[in-house]
Structure formats: C-alpha cells, structure tokens
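The residues making up each chain are set out below.
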Amino acid sequence: MRNLLWSQVTPKEMFLNRRSVIAGAAALGAGFAGAPALAKIAAKQSAFSTSAKPNSLEDITNYNNFYEFGWDKSDPRKHAGKLSVDPWSIEIGGMVDRPGSYPLDDILKPVTLEERIYRFRCVEAWAMVIPWIGFELRALLDRVGVQPSAKYVAFETLYRPEEMPGQRAGGIDWPYREGLRLDEAMNPLTILATGLYGEEMPKQNGAPIRLVVPWKYGFKSIKSIVKITLTDKEPATTWKSLQPREYGFYANVNPEVDHPRWSQATERKIGAGLFAPREPTLKFNGYEEQVAALYSGMDLAKNY
Ligand code: MTE
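As a starting point, this report considers the structure included with it. Just so it is clear, the model here is predicted, and its values are computed rather than measured.

Description of helix α6 (residues 137-144)
With 6 of 8 residues buried, α6 lies mostly within the body of the structure. Turning to α6, its buried residues are Leu137, Ala139, Leu140, Leu141, Arg143 and Val144.

So, in structure tokens, the structure goes:
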C-alpha cells in the first residue's frame, strides 16, 4: 500500500474491480496474453515475499485448520462449501473516527490497484508457503481513523452455526477471536488477504477476507472476519482463553521458546514428502529484520 492514501480517488478509467484483478492474476498464472495492464498490476509481488517455492494449491486447500468446520485437517475442505460469503460486511468500531458496517466491496474499492501477491511462509508445527493476494491492514485502519487512545485491534469471525457445523459442537467459545497490538497491526507485513494463487479466497482458507500475520504462528491469522474493534485493552483471544499456559497473546514464531508439550525449534514442510527431515524454524519466521524492534526490551519467554 506504499504511499497510497485511501482518500485518494482512483481515476475512473484505471478503476478495476476485485474480480477483474483476480481474473488478471489468474490469466497471468496461465500464461495468458490478455489484459496485460491488469496482469502487471495483479502480479506485483510484495518486497517482503519469500523466494521459497509456494506449496501446491492442493496442499494449501486440503490441509487446513478452521475449527468452525471440524477438528480434522480435512474437515474444512469437506464442509466449508456450505458457507455463503456474499454479501459480506465488516463491522468496524470501538476507538475509531468512522465506525460502521463496511460492505466488502467498499473495503476493497480503494485497494484494488495495489492489491498484490504476498508469498509468505506460514508456520504452526508444520510449514507452508502461500502466495496470498492481499493488502495492508493499516490502509483500512487509516481509512476508518484510529483514535489516539487505541492500543489494540480485536478481530472476530462469523458466527453462523447453521453453516458451520463445528460451531454446533462445544469446545470453543464461539466466535473465534484474535487480536494484535496496534503497532503490530500497522506493520506492513500484516495483511488482509482476499485470495491466493490468483483466485478468490477458497472458503476453507477463510473466505472472503482473513488476516495474515506471517511472523506469528498460524492461529493468529483469523479467517472470515466480520468484526474489527479498536480498543485500549488487550482483547481476549480464542487460544489464550482456552489454554493460557500454552498459547499467549503474542504467539511470535520463536524456535527458542518451546510450547509446554513440544519443541518449536523445527518444522515439517508440507508437501516435502514423508521422509524429508524437519527443518529449523527461523525466529519471527524469518522476518526478524522487519519486526524484532516491535519487541525490544520485552521478555519473549514470558510474552509468548
Ligand atoms: N480462523 C478461524 N476463524 N477459525 C480457525 O479455526 N484456525 C487458525 C487460523 N485461523 C482458525 C482461524 C489456525 S490454528 C491456523 S494454523 C490457520 O488459520 C490455518 O490457515 P490455513 O488453513 O489457510 O493454512
């Protein structure tokens, strides 16, 4: 979103809607010669992208965590198809100048020209590289006007048990909730993603819009967001509420700090084959240069 202000009006002849940008990216992926301007825009890769080879679409859409659709890694692919994502809007409130219910098309309108590919590594106990299409969260926050008293951003996923079988079962106090400190939310690595591999977001990956915070464990990257609230108190988050000894608010990828029940020093690469050796996990998932300063002076073993 470099230097693009939300207040700037996109010239009409340049205006592209979300679907055509995505179509442009898909066309590029297929080596299609049409719509060169579109393709160029859509193909713009973030300077923060890794050069690592992305996982296959097959891996990315068949091995998921989305507990609203069940506990198994294959449940989201089986059950997320029932979720209806159109129309969609996000309720933005709390300490902002312009609270309201923002329709998704309205949220995306000013960002389409800058929508770009972020090839980010995603780490839990396993790792994948996913070519997201997204835009910086800070652009949206700037647009709604964050008030000086705000210190945190809280996010919530859709609650719709009729379409989300996991929500009809117990286990989690729905809806799924996540949060970031405001400076983390404003970091240019923090994106709202609306697609991957040049296509609209698959439902099992968090359609139509989800967070991606590449230097944190995957559970921070909340899917299918319907609510964003600016607050001055650290918000309650799903995994910290469930298991506070095991999951903290920060959840920064850190090979030096073990999960109480397992080491977090190495990761298994999805798609590398059953016998591939585990690989060392990088601090902040390799984004130390961009984000370490956010935590200077903090004890990361305590603030896990
Ligand atoms: N968001 C919601 N709403 N519900 C979830 O269960 N799972 C999280 C995160 N976002 C989850 C969620 C976890 S544990 C991970 S590892 C990532 O989504 C997985 O994202 P992916 O399936 O796109 O790889």
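What follows continues from the structure just given.
Structural notes on the nonpolar core
Grouped together as the largest cluster of nonpolar side chains are 72 residues, with contacts concentrated most on Trp132, Phe155, Leu211, Trp215, Ile228 and Leu230. For this core, the element with the most residues is strand β4 (residues 126-136), which contributes 6 residues. Those residues in contact with Leu211 that sit more than four places away from it in its chain are Leu137, Phe155, Leu180, Thr190, Ile191, Leu192, Lys220, Ser221, Ile222 and Ile225.

Re the site of the ligand
Not every one of the 16 residues close to the ligand is listed here, only the nearest: Asn64, Tyr67, Glu68, Arg210 and Lys223. In the environment of the ligand, a nitrogen atom lies 2.8 Å from a nitrogen or oxygen atom belonging to the side chain of Glu68. Here a nitrogen atom of the ligand and a backbone polar atom of Ser221 are 2.8 Å apart. When the free accessible area of the ligand is taken as 530 Å², the share hidden by the protein chains comes to 99%. Grouping the constituent residues of the shell around the ligand by class yields 6 nonpolar, 6 polar and 4 charged.

What about the packing of aromatic side chains?
Each aromatic ring pair is characterised by the separation of its centres together with the angle its planes make. Under the counting rule described, the total for this entry stands at 12 aromatic pairs. Measuring from ring centre to ring centre gives 4.8 Å for Phe66 and Phe69, while their planes differ by 90 degrees; the resulting arrangement is edge-to-face. You'll find Phe66 and Phe69 in the same group, each marked buried. For the ring pair Tyr152 and Phe249, a centre distance of 5.7 Å and an interplane angle of 80 degrees mean the geometry is edge-to-face.

Some remarks on the environment of Trp262
Tracing the backbone through its elements, the reader meets Trp262 in the loop between α9 (238-242) and β11 (266-269). When the C-alpha positions of Trp262 and Ala125 are compared, they lie 9.2 Å apart, and in sequence the two are 137 residues distant.

Quick notes on the pattern of salt bridges
Going through the model one piece at a time under the given rule, you end up with 15 salt bridges. One salt bridge in this structure joins Glu256 and Lys283, with 3.5 Å as the shortest N-O distance. Here Glu256, found in the loop between α9 and β11, pairs with Lys283, found in the loop between β12 (279-280) and α10 (288-291); they are 27 residues apart in sequence, far enough to count as distant. For Glu256, a relative accessible area of 59% gives the class exposed. Linking Lys302 and Asp299 is a salt bridge whose minimum nitrogen-to-oxygen distance equals 3.7 Å.

Regarding the environment of Lys240
Mapped onto the elements, Lys240 comes out in helix α9. In this structure the C-alpha to C-alpha distance between Lys240 and Arg177, which are 63 residues apart in sequence, comes to 9.9 Å.

Quick notes on the rules
- Within any chain, residue numbers begin from 1 and follow the written order of that chain's sequence.
- Per-residue local features are limited, in this predicted model, to residues with pLDDT of at least 70; the limit for side-chain atom pairs, both in listing and counting, is 80 or more; totals at the level of whole chains, interfaces and linings are taken over all residues.
- The basis for the side-chain values is all heavy atoms of the structure; hydrogens and waters are excluded.
- Categorising residues by exposure relies on relative accessible area from a 1.4 Å probe, with only protein chains included: less than 20% of the type maximum marks a residue as buried, more than 50% marks it as exposed, and the intermediate range marks it as partly exposed.
- Here a helix means four or more residues in a row that DSSP labels H or I, a strand means two or more in a row labelled E, and each is numbered from the N terminus.
- Residues enter a nonpolar core if they are buried and are Ala, Val, Leu, Ile, Met, Phe, Trp, Tyr or Cys, with the set joined through side-chain atoms within 4.5 Å.
- Here, residues are in contact when the closest pair of their heavy atoms is within 4.5 Å.
- Any residue with a heavy atom lying within 4 Å of a molecule or strand is counted as near it.
- We call two N or O atoms a polar contact when they sit within 3.5 Å, provided that within protein one can donate a hydrogen and the other can accept it, with sequence-adjacent residues counted only if both atoms are side-chain atoms.
- Note that accessible areas follow from Shrake-Rupley with a 1.4 Å probe, and for residues the cover is restricted to the protein chains shown.
- Each residue is assigned to one of three groups, with Ala, Val, Leu, Ile, Met, Phe, Trp, Tyr, Cys and Pro labelled nonpolar, Asp, Glu, Lys and Arg labelled charged, and all others, Gly among them, labelled polar.
- Two aromatic rings, drawn from Phe, Tyr or Trp (for Trp, its six-membered ring), form a pair once their centres lie within 6.5 Å of each other, and the interplanar angle then sorts them: stacked below 30 degrees, edge-to-face above 60, tilted otherwise.
- Within this document, salt bridges are pairs made up of a side-chain nitrogen of Lys or Arg and a carboxyl oxygen of Asp or Glu, the two lying within 4 Å of each other.

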